Structures are given as structure tokens and as C-alpha cells.
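In case you want the letters, here they are:
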Amino acid sequence: MRAVALVVGGLLVIGGAVLVVSADHQRADALAEAKAAVAETRRQLDAAKDSNHRLAEQLTTLRSLIAEQDRRLADTTGLLQ
Amino acid sequence: MRRAVAVAAAVAALLVSGVVDRAAALDDERAETIAELRALTASVDSAQRRTDRLEGLIESAQKDADEREAVLAVRPAFVDEIAALRVALSGADGKVDTSAHRASALSAQQTVLAERRDPAVVTRATATVHALTAKVNGDVATWQAAQQAAGPGGPAWSSSGPDGYARVRAALDRVGGGGVGLYESASCAGGNAPACANSNGYIKYRADIADWNASRLNWAMAHELAHIHQFRVWGALTSSSAYGSLFGGDPEFLANCMAVVRGFPGSVGCNAEQQAWASGIWVGAVR
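Residues numbered from 1 in each chain as written. Chains lettered and ligands numbered in written order. Predicted model: local features only at pLDDT ≥ 70, side-chain atom pairs only at ≥ 80, totals over all residues.

1. Let's talk about the overall build of chain B
Broken down by element type, chain B carries nine helices and three strands. Going residue by residue from the N terminus, the α and β elements of chain B occur as α-α-α-α-β-β-β-α-α-α-α-α. The buried share among the 287 residues of chain B stands at 26%. Taking the contacts inside chain B whose residues are at least 6 apart along the sequence as the reference set, 61% of them involve residues at least 24 apart. (Helix = DSSP H or I, 4+ residues; strand = E, 2+ residues; numbered from the N terminus. Buried ≥ 20, exposed ≤ 12 C-beta atoms within 10 Å, placed from the backbone. Contact = placed C-beta atoms within 7 Å.)

2. Things to note about the environment of Pro194 of chain B
Residues and elements named next belong to chain B. Counting through the fold element by element, Pro194 comes out in the loop between β1 (181–184) and β2 (195–198). Overall, Pro194 belongs to the partly exposed group, with 18 C-beta atoms counted inside 10 Å. The spatial distance from the C-alpha of Pro194 to the C-alpha of Ala207 is 8.2 Å, given a sequence separation of 13 residues. With sequence-adjacent residues up to four places away left out, Pro194 is seen in contact with Tyr205, Arg206, Ile209 and Ala220.

3. Brief notes about the sheet that holds strand β3 (residues 202–205) of chain B
All names here are of chain B. The three strands are arranged β1-β3-β2 in an open sheet whose pairing can be described as mixed. Where the open sheet ends on each side, the last strands, each with one partner, are β1 and β2. On average, each strand axis in the sheet is tilted by 20° relative to the strand beside it, whichever way the strands run. Two strands pair when backbone bridges link them, and β2 and β3 are joined in this way by four bridges, in the antiparallel orientation. Following the sheet pairing, Ala195 is matched in β3 by Tyr205. Each of β1 and β3 is contacted by helix α4 (residues 161–174), which is oriented at about 145° to β1, the strand it contacts most. Sheet contacts for helix α5 (residues 214–232): β2 and β3; angle to β2, the most-contacted strand, approximately 20°. (Pairing = 2+ DSSP bridges. Axes fitted to C-alpha atoms, helices over the stretch in contact; angles between N-to-C directions.)

4. Some remarks on the interface of chain A and chain B
Residue-level contacts link 35 residues of chain A with 40 residues of chain B. Taken together, the residues of the side of chain A that touches chain B break down into 20 nonpolar, eight polar and seven charged. (Nonpolar A, V, L, I, M, F, W, Y, C, P; charged D, E, K, R; others polar.)

5. Some thoughts on helix α9 (residues 272–282) of chain B
All names here are of chain B. Gln274, Trp277, Ala278 and Ile281 are the residues of α9 that are buried. On an axial view of α9, the arc spanned by its buried residues comes to 100°, and they lie on one face. Buried residues along α9 sit in contact with α5, α7 (241–247) and α8 (251–261). Trailing α9 by a residue or two, Gly284 shows a phi angle of about 80°, which is positive. (Arc of directions from axis to C-beta.)

6. Points about the packing of helix α1 (residues 2–92) of chain B against helix α2 (residues 99–114) of chain B
All names here are of chain B. Packing of α1 against α2 leaves a shortest axis separation of 12 Å and a crossing angle of 165°. Between α1 and α2, the angle is such that the two are roughly antiparallel. Crossing of α1 over α2 shows left-handed handedness. Here α1 contributes Phe78, Ile82, Leu85 and Leu89 to the contact with α2, which in turn contributes Arg102, Ala105, Gln109 and Val112. (Parallel < 35°, antiparallel > 145°, perpendicular 65-115°, else oblique. Left-handed = near helix turned anticlockwise from the far one by under 90°.)

7. Points about the pairing of β3 of chain B
All names here are of chain B. Relative to β3, β1 runs parallel, the two being bridged by four bridges. The partner of Leu182 across the bridge, within β3, is Ile203. In this structure, the hairpin formed by β2 and β3 is closed by a connection of three residues, where Gly201 is found at a positive phi of approximately 100°.

8. Comments concerning the nonpolar core
Residues and elements named next belong to chain B. Ranked by size, the top nonpolar core spans 37 residues in total, and within it Val168, Leu172, Met221, Ala222, Met258, Ala259 and Ala278 carry the most contacts. Elements supplying a minimum of two residues to this core: α4, β1, β2, β3, α5, α7, α8 and α9. Residues Phe78, Ile82, Ala105 and Val112 belong to the second largest nonpolar core, which totals 15 residues. (Core = buried A, V, L, I, M, F, W, Y, C linked by C-beta atoms within 7 Å.)

9. Details of the confidence of the model for chain B
Should the pLDDT be low somewhere, the predicted coordinates at that spot are not to be read in detail. The predicted model of chain B has a mean per-residue pLDDT of 90, with 97% of residues at 70 or higher. On the interface metric, ipTM, the complex scores 0.83, and its pTM is 0.61. (pLDDT = per-residue confidence, 0-100.)

Structure, rendered in C-alpha cells:
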């Protein structure tokens, strides 16, 4: 009777240990997944910032061009006074 | 046996404690990572919205720049037409009234200066100025043809040219002789007098007086116009005793005094009585 109890107890201990190890793997996987998502999002943010910087420079160039065009359009050289 | 179970229980308790701590640490770290991910995602969304806004602004600015470039591309043609009109207006000076043409050109010019988007507006203004130039040149040609055809037995001018004639004509108009005929001629006193008046109601001038300064030219035309008015009352004038006593019967002296009362004194002085008498001739009154 005691032997049976030892066997059952041993099996329960082994089963519990398996469950604990499995849960630990799941937690570790979920953490790794979250960290990968953070890395990917950080890459996207850097790319978006680079893109915005280029666009801002392009807009500044265009606005300078328009200011120069407005100056030429307002020029009255050669016109009647 | 009991001791073994107790040891096993103690080991188990330590293991369970370690496992629980590790699980809690993993959960905490994951929660922090998720929070960081949320913050990063919000930043990415914000950056994307800024990208969209910048792209919209660039599209609008590019459109503005393209439109302005198109307007600028047709501006030189307009300026060229304005230059042509300026030449035409200069050539018409003293010959035809160009104030309306000039006003139209200035209006078209204002439209062009204000235009930023549509090159067709500038093109239309260019066509308008071109038409104005053609109209001014046409009016001047008509005026010249009329003047050339109007002379008594010859053209209105020869060596003084249309511009010289226009200057003398403007002086005669200025002193009140707008309706009096004017012709270039070298026949006044055999060419010795710079200008003379004809009893048929017109004035002749020698070509070189077109180069006289404005005040001298105005005086000369006022003097000749005075003779025209003398001719209109010639009978009464020559029989007037006052004419003889005040001016010695000299029509040139009287003409000078008549010019004085019109505001063109020349070099001859007239006293108040002579001026008062001379002023009557301008209105046909011989006292």
C-alpha cells in the first residue's frame, strides 16, 4: 500500500514539474515575442523620422523657390510707371 | 522514512519558491516590454500623421511653384509688348490723346502683376497691350496723313518732321490756337522771319523753331496767333486812333502786347494801358 502511494506521489511530482517547465517556456516565449515587436516598432519609428526629415527639407526648398518666384512676379522692371 | 519525506518536502518548497519568483520576474519584464511597445506604437502613429501632413503640404507647394513658373514663363512677352507700347506712346506725344490707351495698359499691367496661377491671364493681357500698341500707331499714322494732306499747296511739314511739327503744334494749341492751321514754310519774310501769320487764318513756321525752348516757342505762337486775331478786326484796327497813338500803328508791337496779356511776355515791355487795349483784340473789341 505504501509502495503504491510512493509511485502515485512520484508521478504527481513529475507531472507537476512538467507543467511548471512548460509554463516557464511559454512565459519566456511571450517575452521574446514582445521584445521582437519592440525592436521592429523602433525600426519603423526611425524610418518614419528619417522620411519626415527628408520631407521637411523638400518642403523648405519648395517654399524658398516660391518666395523667389513671388519676388520675380512682383518685379516692375520694364513696366509702365 | 519520515526524515526522507521531510527533506523532500523542504527541497520541494525551495523549488516552488524559485519557480514562483522566476514566473513573477518574467511577467514583470513582459509587462514593461508591452508598455514600451505601446509608447513606441503611439510615436510611430504620430510620425505617420506628420508624414501625411508633410506630403500634403509638399503637394500643395509643388502645385503653387508649378503655376508660378508657368506665369513667369509668359511674363517676358508681356514686358516686350509694354516696351513696344512705350515707344508708340512716346511717338504719339503731342499728336493724339493716348491717356485712355495708357490707362488700359496700366490696368492690364496691374492684372499681370497680381496674377500667380493662370498664365492665360498674362497671355490675354499681352494681346491687349499688343492691340493698344497697334491702335496708337494707327492713330498716329492717321494723324500724320491728315496733317500731311491739310497744307495750303503742300504738306504740313517737311524738314522739321512729324515730331518737330507736333512740338510747334502743341505750343500753338497751348496758347489757344487749337483751331488754327499750322504749316512749315521757309517763306516768312523770305526766310528771315521764324514764323508768320497769314490773313487767310493760318500760321507758318520755319523748321528750326521746332528746336526752340518751350517758353520761346509758346511766345512765338502767341505772337502769331495775335496776328490772326488782328486780321479778324483789321479794318477797325487800322482806322483806330488809339492803335496809332498807343502802338504807332505797328502790328508787331501790338502782337507782342497781346502775347503779354496772354501770359507770354517775350522780350518787349508793354505798359498797363497798352496791355488793357491789346487785350480787347483777343475778343474782337477795338476801342
